[in-house]
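# Tertiary structure, described
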Amino acid sequence: MEGQNQGEDSQSMVPTDPHGTSKEEMEKGKEEMEKLKEELKMWKKRVEEAENTKRDVHLSKLIADEDYDRAERKLTELEEQEKQHKDRMISFERELLLLNQENTELKKGIEKLKEDLKEYSSQDNSIQKKVAEMKLKFTHLEEMKDGGADVDMDTHCVFGAATKIPFRLNQKQALLTFEDEEVAQRLTKMSKHCVNLDNRTANVAVKPFELDIGFQFELHVTVSGKKINVSEIPELPIPKDWMRDKLELSFYKTEQAAGGGEIENVTYNKGAGTAVITFLKAGASKNFVGCSKYPFYAEGRCFNLCVSPDFGVQLRKFQPYCRVSKKTILLKGIPEVEEDEESVQDMIEIHFQKPSNGGGEIEKIKYISRGAAYVCFEEDTENATSEITGNS
């Protein structure tokens, strides 16, 4: 009884909220408040994360937009480059087409030139042959001086040359060249002549003789007084500079030892096996006049080098000329006779040698009964000097 009374007394002593809320309810309210605060805090954090995510997404979008713009610009550039490339390809194709057309035209031109060359080859060979047979005539020596004194003691030679002028002599024609041009001029003025050929009188026509255009020129040859040409230099397994030094030492000798003295320069061509030796002293090259071989010692052996003068050639006073041979006449209309060609030529020569027929001494005569012949004339004498015969 006593214990039960104590319990009832303790329950009656628990404090109460003025509004009638007990302590447990207050504790429960505090816990709910804390939970709400935590939840608010959590939602704030989520909102903050959402804002950050939104900001990151917006930034990514901006970056993606920039990348998209760059990609579009790059694509545009690539499309433009592709268009330019296509344009260039089209241009190249057009140029290639034009080049192929030009190449075709050039090939046709080459073929035509080959045909022309083949057609005129015989004529070209004939021209080359005539040029090769041209003779040079030495005219004089020139002394080149500087202030009254020889500079290098060079030798200056002048040669004159003139092309032989061919004349086509046809059948039943004759050419006569007289010693005296007055005879040829007198016979030309008479125009017609009665010539006795094998007991037959023939009326032949005398025509003045005109030559085609020829060419004449001068060759000025300068033989150096300080330089010589050396050839047939052996190819040795030594450097180029060493060979040049050996050549200099070999040709650097006193005049008593058949050398040229002090050397100014040596130009050596290893591939061609040649050299040009330039001496310091003017006139030194004259020591090698008549010396076609020169001993050269190298690598324990002796070689014979070819030595020749160094000279330069200049073509001057090249000009065409046209001449009328005053000592030569052309006979036309000579009839055919039974006699042979040589006999007829003798009869023509006898007739025109007689002063009673207006003739005179004959230097040369050429008669053609059949075919044709080419008679060549030289400008300096205006006489028939050689002939090239052949049927036409």
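First, a word on what this report is: a plain description of the structure on this page.

Conventions adopted
Residues numbered from 1 in each chain as written. Predicted model: local features only at pLDDT ≥ 70, side-chain atom pairs only at ≥ 80, totals over all residues. Heavy atoms only, no water. Pairing = 2+ DSSP bridges. Helix = DSSP H or I, 4+ residues; strand = E, 2+ residues; numbered from the N terminus. 1 Å grid on protein atoms, 1.4 Å probe; cavity = no way out; pocket = protein on both sides within 12 Å on 5 of 7 lines; lining within 4 Å. Points joined across faces, edges and corners; volume = space filled by probe spheres on them. Nonpolar A, V, L, I, M, F, W, Y, C, P; charged D, E, K, R; others polar. Polar contact = N/O pair within 3.5 Å; in protein donor to acceptor, adjacent residues only side chain to side chain. Contact = heavy atoms within 4.5 Å. Phe/Tyr/Trp six-rings, centres within 6.5 Å; stacked < 30°, edge-to-face > 60°. Buried < 20%, exposed > 50% of the residue type's maximum accessible area, 1.4 Å probe, protein only. Lys NZ or Arg CZ within 6 Å of the ring centre and 35° of its normal. Core = buried A, V, L, I, M, F, W, Y, C linked by side-chain atoms within 4.5 Å. Salt bridge = Lys/Arg side-chain N within 4 Å of Asp/Glu carboxyl O.

### Observations concerning the pairing of strand 10 (residues 274-279)
- Pairing analysis gives six bridges linking strand 9 (residues 263-269) to strand 10, with the strands arranged antiparallel. Within strand 10, the residue paired with Asn269 across the bridge is Thr274.
- From the end of strand 9 to the start of strand 10, which pair antiparallel, there are four residues, and Gly273 there has a positive phi angle of about 70°.

### Here we look at empty space enclosed by the protein
- Taken as a whole and judged by the stated rule, the model has one cavity of 30 Å³ or more.
- Size it by volume and the largest cavity reaches roughly 30 Å³.
- Considering the residues around the largest cavity, the lining is formed by Leu236, Ile238, Pro239, Lys240, Met243, Tyr268 and Lys270.
- When the residues that make up the lining of the largest cavity are grouped by side-chain class, the tally is five nonpolar, no polar and two charged.

### Some thoughts on the side chain of Ser224
- Mapped onto the elements, Ser224 comes out in strand 8 (residues 201-231).
- One polar contact links the side chain of Ser224 to the main-chain amide nitrogen of Lys226, over a distance of 3.1 Å.
- Residues contacting Ser224, with those up to four places away along its chain left out, are Asp154, Ser285 and Asp310.

### Re the packing of aromatic side chains
- Tallied over the full model, the rule gives two aromatic pairs.
- Measuring from ring centre to ring centre gives 5.9 Å for Phe217 and Phe318, while their planes differ by 25°; the resulting arrangement is stacked. With Phe217 in strand 8 and Phe318 in strand 12 (residues 301-332), this pair connects stretches of sequence that are 101 residues apart.
- Looking at Phe318, the relative accessible area reads 48%, which means it is partly exposed.
- Their ring planes at 10° and their centres at 4.3 Å tell us that Phe251 and Tyr294 sit as a pair that is stacked. Of the two residues, Phe251 sits in helix 4 (residues 240-251) while Tyr294 sits in strand 11 (residues 293-298), which places them 43 residues apart along the sequence. Like Phe251, the residue Tyr294 is buried in the burial classification.
- Between the NZ or CZ atom of Arg46 and the centre of the ring of Trp43, over which it lies, the distance is 4.9 Å.

### Here we look at the nonpolar core
- Counting 22 residues, the largest nonpolar core has Leu247 and Phe251 as the members making the most contacts within it.
- For this core, the secondary-structure elements that each account for two or more residues are strand 8, helix 4, strand 9, strand 10, strand 11 and strand 12.
- Residues Leu176, Ala202, Val206 and Ile329 belong to the second largest nonpolar core, which totals 20 residues.

### Brief notes about the pattern of salt bridges
- Evaluation of the coordinates by the stated rule reveals nine salt bridges.
- Across the pair Lys83 and Asp87 runs a salt bridge whose closest N-O atoms are separated by 3.4 Å. Here the residue Lys83 and the residue Asp87 both occupy positions in helix 2 (residues 23-132), the gap between them amounting to four residues, near one helical turn.

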